Amino acid sequence: MSKKLLIVEDEKSIIDILSFNLKREGYETIEAMDGETGLELARSDNPDLILLDVMLPKLDGFEVCRKLRQEGATTPVIMLTAREEESDKILGLEIGADDYITKPFSMRELLARIKANIRRSKMEESASGTSREGDQIVAGDLRIDLGRLEVFKSGKPVDLTQREFELIKFLASAPNKVFSREELMEKVWNYDYYGDIRTVDVTIRRLREKIEDDPANPRYIITRRGAGYMFTEA
Ligand code: CA
């Protein structure tokens, strides 16, 4: 299957050059000309990699990248920086971009970076035991269907509440990454303030009873004492 690249860039001429060359290399491309649309397409179309300009209308590239990482998306991001400024590169990498390339760039160099970043992210996915296939996340005997908003265990649907589904989706989208209760409260419950974080523990316990063979000895949702929870395939 051809890899899908999302180009977020407000200069039509650059989009045209990029999409022409990328299609010739066998990639499928989708395009957005402002940050907001880019963010929406990144969420809805599950691209294999994002080429993200920094200076964009509505939402700049840094904000787009920051939001995606906050939501747990692990899609590789290459920032397209217009300036040779060190501060831009450092900020980009700090907020979770994987790579950056300075304009004007050579197509050959960009293609090499795209290949390298897609390869690395696929290797990380398979090392984690969790794979993303289109609209679903598969780990062991679990299948999380992001389109149908359903979880299947050994092919049988698991009856989850909406919050339980949101929680497993969030954790499984960033396997092997530990999230504190406060972070989960903020990202999954959308609380800006830190409410009663025991809510997180209770929901985790219910979720384990539904998806784990032995909830006392979980295989998928692991507790990191003093730190929080993470999704893995142990
Ligand atoms: Ca721009």
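Keep in mind that this is a model prediction, so the values were computed, not measured.

Each value, and the rule that gives it
- Residues numbered from 1 in each chain as written.
- Predicted model: local features only at pLDDT ≥ 70, side-chain atom pairs only at ≥ 80, totals over all residues.
- Heavy atoms only, no water.
- Donors = N, O, S within 2.8 Å, 3.2 Å for Na, K, Ca; no water.
- Buried < 20%, exposed > 50% of the residue type's maximum accessible area, 1.4 Å probe, protein only.
- Helix = DSSP H or I, 4+ residues; strand = E, 2+ residues; numbered from the N terminus.
- Arc of directions from axis to C-beta.
- Contact = heavy atoms within 4.5 Å.
- Phe/Tyr/Trp six-rings, centres within 6.5 Å; stacked < 30°, edge-to-face > 60°.
- Lys NZ or Arg CZ within 6 Å of the ring centre and 35° of its normal.
- Salt bridge = Lys/Arg side-chain N within 4 Å of Asp/Glu carboxyl O.
- Polar contact = N/O pair within 3.5 Å; in protein donor to acceptor, adjacent residues only side chain to side chain.
- Domains from an automatic or database assignment.
- Buried area = accessible area lost by both parts, 1.4 Å probe.

## Focus on the coordination of the calcium ion
Here comes step 1: Asp 10 (OD), Asp 53 (OD) and Met 55 (O) make up the full set of protein donors to the calcium ion, lying at 2.1 to 2.3 Å.
Here comes step 2: Along the chain, the residues donating to the calcium ion are arranged with the sequence spacing D-x42-D-x1-M.
Here comes step 3: On the basis of relative accessible area, Met 55 is assigned to the exposed category, the value being 57%.

## Focus on helix H7 (residues 181-188)
Here comes step 1: Every buried residue of H7 is listed here: Leu 184, Met 185 and Val 188. All buried residues of H7 project into a common sector of 105° when viewed along the axis, lining one side.
Here comes step 2: For H7, the secondary structure elements touched by its buried residues are helix H6 (162-173), helix H8 (198-211) and strand S12 (228-231).
Here comes step 3: Of the residues one or two after H7, Asn 190 is the one with positive phi, at around 60°.

## Points about the packing of aromatic side chains
Here comes step 1: Taken as a whole and assessed by the stated rule, the structure comprises 2 aromatic pairs.
Here comes step 2: Taking the centre distance of 6.0 Å and the plane angle of 20° together, the rings of Tyr 220 and Phe 231 count as stacked. Taken together, the residues Tyr 220 in the loop between H8 and strand S11 (221-224) and Phe 231 in strand S12 connect sequence positions 11 residues apart.
Here comes step 3: On the accessibility criterion, Phe 231 (0% relative accessible area) is buried.
Here comes step 4: In this structure, Arg 143 is placed above the aromatic ring of Phe 152, and the distance from its NZ or CZ to the ring centre is 4.4 Å.

## Let's talk about the pattern of salt bridges
Side chains that carry opposite charge are capable of pairing whenever their charged atoms lie near each other.
Here comes step 1: Applying the stated rule across the entire model yields 15 salt bridges.
Here comes step 2: Taking the shortest distance from any N to any O, the salt bridge between Arg 43 and Glu 71 comes out at 2.5 Å. Of this pair, Arg 43 sits in helix H2 (residues 35-45) while Glu 71 sits in the loop between helix H3 (61-70) and strand S4 (77-81); the two residues are 28 residues apart in sequence, bridging distant segments of the chain.
Here comes step 3: Taking relative accessible area as the criterion, Arg 43 reaches 47% and is therefore assigned partly exposed.
Here comes step 4: The partner of Arg 143 in a salt bridge is Asp 145, with the nearest N and O atoms 3.8 Å apart.
Here comes step 5: Note on Arg 143: relative accessible area 27%, which makes it partly exposed.
Here comes step 6: Judged by its relative accessible area of 10%, Asp 145 is buried.
Here comes step 7: What emerges from the salt-bridge pattern is a single network uniting Glu 9, Asp 53 and Lys 103.

## Considerations on the side chain of Gln 136
Here comes step 1: Here Gln 136 lies in strand S7 (residues 136-139).
Here comes step 2: Judged by its relative accessible area of 18%, Gln 136 falls in the buried class.
Here comes step 3: At a separation of 2.7 Å, a polar atom in the side chain of Gln 136 contacts the side chain of Arg 143.
Here comes step 4: Setting aside residues no more than four positions away along its own chain, Gln 136 makes contact with Ser 131, Arg 143, Ile 144, Asp 145 and Leu 146.

## Here's the deal with the domain arrangement of the chain
Quite often, the size of an interface is put as the accessible area lost when its parts meet.
Here comes step 1: The assigned domain composition of the chain is domain 1 (4-128) and domain 2 (136-231).
Here comes step 2: Centre-to-centre separation of domain 1 and domain 2, based on C-alpha positions: 28 Å.
Here comes step 3: The interface is formed by 5 residues belonging to domain 1 together with 6 residues belonging to domain 2.
Here comes step 4: Both faces combined, the contact of domain 1 with domain 2 buries some 430 Å², and carbon together with sulfur accounts for 55% of it.
Here comes step 5: Across the domain 1-domain 2 interface, the total number found is 0 salt bridges.
Here comes step 6: Here domain 1 is connected to domain 2 by 0 residue pairs in polar contact (both at pLDDT 80 or more).

## Some words on unusual backbone geometry
Here comes step 1: Following Lys 103, the chain continues into Pro 104 via a peptide bond in cis, with omega recorded as -5°.
Here comes step 2: For Pro 104, the position within the fold is in the loop between strand S5 (99-102) and helix H5 (107-127).
Here comes step 3: A positive phi angle is found at Asn 46, which is not glycine, with a value near 45°.
Here comes step 4: Mapped onto the elements, Asn 46 comes out in the loop between H2 and strand S3 (49-53).
Here comes step 5: The residue Asn 176 is not glycine, and still its phi comes out positive at about 65°.
Here comes step 6: Mapped onto the secondary structure, Asn 176 falls in the loop between H6 and H7.
Here comes step 7: What makes Asn 176 partly exposed here is its relative accessible area of 37%.

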